[in-house]
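Residue-level structure breakdown
Residues per chain are reported as follows:
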Amino acid sequence: MQTIVFEGQDRIVLQEKPIPSLDDGDVLIQVDLCGVCASDIAAINGEVTDYSPPVVLGHEIAGVIVESRHPEVRVGQKVTVNPLISCGACDYCRVDLDKYCSQIEGIGHDIDGGYADFLKFPKYGIDTGKLIVVPDSVSSENLMFLEPLGCCINAMRETILSKSVAILGAGQIGLMFSQLATLRGLEVFLLEPDVYRRDFAHSLGVDRVFGITNNEVRELIEITGGGVDTVISATTNNQEAIDLAFQIVRRGGCINFFGLSAHDQDLTVNLEKLHFFGHKLMASWAFSRWSLSQARQMIVDQEIQLGPMLTTRFPIASGIEAISHVRHGGGIKTALVGGLASEN
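Residues numbered from 1 in each chain as written. Predicted model: local features only at pLDDT ≥ 70, side-chain atom pairs only at ≥ 80, totals over all residues. Heavy atoms only, no water.

1. Topic: the overall build of the chain
Applicable threshold: Note on conventions: DSSP H or I runs of at least 4 residues are helices, E runs of at least 2 residues are strands, and numbering of each starts at the N terminus. We take the radius of gyration over the C-alpha atoms and set the globule estimate at 2.2 Å times the residue count to the 0.38 power. Working definition: with a 1.4 Å probe on protein chains only, accessible area under 20% of the residue-type maximum means buried, over 50% means exposed, and in between means partly exposed. In this description, contact between two residues means that some pair of their heavy atoms is separated by no more than 4.5 Å. Each accessible area value is a Shrake-Rupley result obtained with a 1.4 Å probe; residue values ignore everything except the protein chains displayed when judging cover. Just so you know, the count uses Lys and Arg for positive and Asp and Glu for negative, and it drops His and the chain ends. Working definition for charges: the position is that of NZ of Lys, CZ of Arg, CG of Asp or CD of Glu.
Within the chain one finds 12 helices and 18 strands. Relative to the 2.2 N^0.38 estimate, which gives 20 Å for 344 residues, the radius of gyration of the chain is 20 Å and therefore close to what a compact globule would have. The principal-axis extents of the C-alpha atoms in the chain amount to approximately 60 × 45 × 40 Å. Here the chain holds 344 residues, and the buried ones make up 53% of them. A fraction of 70% describes how many contacts in the chain between residues 6 or more apart in sequence connect residues 24 or more apart. Carbon together with sulfur atoms contributes 48% to the accessible area of the chain, which is approximately 15,200 Å² in total. Side-chain charges of the chain comprise 26 positive and 43 negative groups, with the mean position of each set lying 6 Å from the other.

2. What about the sheet that holds strand β16 (residues 280-282)?
Hydrogen bonding along the main chain pairs the strands of a sheet, whether they run parallel or antiparallel. Stated precisely, the cut-off is as follows: When DSSP locates at least two bridges between a pair of strands, those strands are taken to pair.
Across the sheet, six strands lie side by side as β13-β12-β11-β14-β15-β16; this open sheet has parallel pairing. One side of each edge strand has no neighbouring strand; the edge strands of this open sheet are β13 (209-210) and β16. The pairing of strand β14 (residues 228-233) with strand β15 (residues 249-256) spans four bridges and is classified as parallel. Paired with V231 across the two strands is I255, which belongs to β15.

3. Digging into the side chain of K99
We apply this condition: Contacts described as polar in this section are N or O atom pairs within 3.5 Å, which, within protein, must combine one atom able to donate a hydrogen with one able to accept it, while residues neighboring in sequence count only if both atoms come from side chains.
Checked against the element boundaries, K99 lands in the loop between α2 (91-94) and β8 (105-106). For K99, a relative accessible area of 8% corresponds to the buried category. Here the side chain of K99 touches W285 through a polar contact of 2.6 Å, landing on its backbone oxygen. Residues in contact with K99, not counting those within four places in the same chain, are L84, I104, N154, E158, W285, A286 and F287.

4. Concerning the environment of A170
Among the secondary structure elements, A170 is positioned in the loop between β11 (164-168) and α6 (172-183). What A170 contacts, discounting residues up to four positions off in sequence, is L175, L190, L191, E192, R197 and I332.

5. A short note on the environment of F287
Here F287 shows up in the loop between β16 and α11 (289-300). For the pair F287 and T49, spaced 238 residues apart in sequence, the C-alpha separation works out to 19 Å.

6. Concerning the environment of F257
The residue F257 is located in the loop between β15 and α10 (271-277) in this model. Overall, the relative accessible area of 10% leaves F257 in the buried class. Along the backbone, F257 and V231 are 26 residues apart, and their C-alpha atoms lie at a distance of 8.3 Å. For F257, the contacting residues outside a window of four places in its chain are S233, N237, I242, A245, F246, L267, M282, A283 and S284.

7. Looking at the packing of helix α8 (residues 214-223) against helix α9 (residues 239-248)
To describe two helices that pack against each other, one gives the angle between their axes and the distance between the axes. Filter applied, for reference: Here the axes come from fitting lines to C-alpha atoms, over the contacting stretch only for helices, and the angles between their N-to-C directions go from 0 to 180 degrees.
Two elements in contact, α8 and α9, have axes separated by 10 Å at closest approach and are oriented at 30°. Residues V217, L220 and I221 of α8 form the contact with α9, whose own contacting residues are L244, Q247 and I248.

8. Let's talk about unusual backbone geometry
With omega at 0°, the peptide bond leading from P53 into P54 counts as cis. Relative to the helices and strands, P54 is located in the loop between α1 (38-44) and β4 (55-56). A positive phi is found at D10, a non-glycine position, where the angle reads about 60°. The phi torsion at D96 lies on the positive side, around 65°, for a residue other than glycine.

9. A word on the pairing of β15
Stated formally: Crossover handedness is defined here as right-handed if the route from the first strand over the helix to the second strand goes clockwise, with the strands pointing away from the viewer.
The handedness of the β14 to β15 crossover, carried by α9, is right-handed. As paired strands, β15 and β16 are joined by three bridges and run parallel to one another. Across the sheet, the residue bridging to N256 is M282, located in β16.

10. Some points on helix α7 (residues 195-203)
Note the threshold: When we speak of the arc, we mean the arc of directions from the helix axis to the C-beta atoms.
Those residues of α7 not exposed but buried are R197, R198, F200 and A201. Each buried residue of α7 lies within a common arc of 160° when the element is viewed along its axis, so the set occupies one face. Packed against the buried residues of α7 are α6, β12 (187-191), β13 and β17 (310-315). Two or three places before Y196, at the start of α7, stands the capping residue D194, its side-chain oxygen 3.2 Å from that residue's backbone nitrogen. Looking one or two residues beyond α7, the residue adopting positive phi is G205, at roughly 95°.

Any functional reading would require information beyond the geometric quantities listed.
Right, here's the structure in full:
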């Protein structure tokens, strides 16, 4: 089978590998679609360090079981995965904070993932509830968004929200946050420098979409009477994004630095100013089992627009081209087509 292997900073290769063989309790997933995630791009760029190369990338998976050696899983089931495999027994795992487990292994980070035609999912992942089965009626185009949607739902639960929220960035994450915040009844402002992405946001029904010019930022501050209650940064948290977040949040407001940051990006805060302005600063990452279950239900019930965000598909054989496409800001969401689908 064909795979895309991450070997280290700026080193990704197309590699033929045998279809994985199963041990007792494992299952084999034929990958239909696997989203190209910003975290994978950050790893390739050398900006984050939580990967264990060499490894087949990919954790936003939609597929079907084609072989099962687990008594509770049957061939033909449509599935995605919770890609954080943890012990299931420690203090963190017992309270649905698996992401802090000291034994954590990530599909597509430490264990071979979904930039491949087939993926082996291990018995201990199934036994700890990390295989997610959905009805056959759920499209792969929606299913591949379950994991990132779960991340957004988890962040919404953690974030201090009041009446208004500004979302920085109109990629897939910013567009999901915008929809979730609208469903919650919040006044939503979406900020995005790219014209194509602003137009795309309008097409999904986001009304208040701004660029990031000085005039537009001033207009936003005036409309909101001094700034929004909450800012969620759904873009790379470079210094420009950090400065913008502080510029548009009101006194006493909350900033969630959800987006990734390069490992050498610091946040410098004047403590006296923080004290008197009363800003609540936080960061959310990953998901919980609860938020993934919520994401699954939203997808089954078709409560959120996801499929339209899938703007570009590449076969596994063109995976390096797909990664280059994402690195250069192409489209909204890019996916690799695996399994037999890439041959049709």
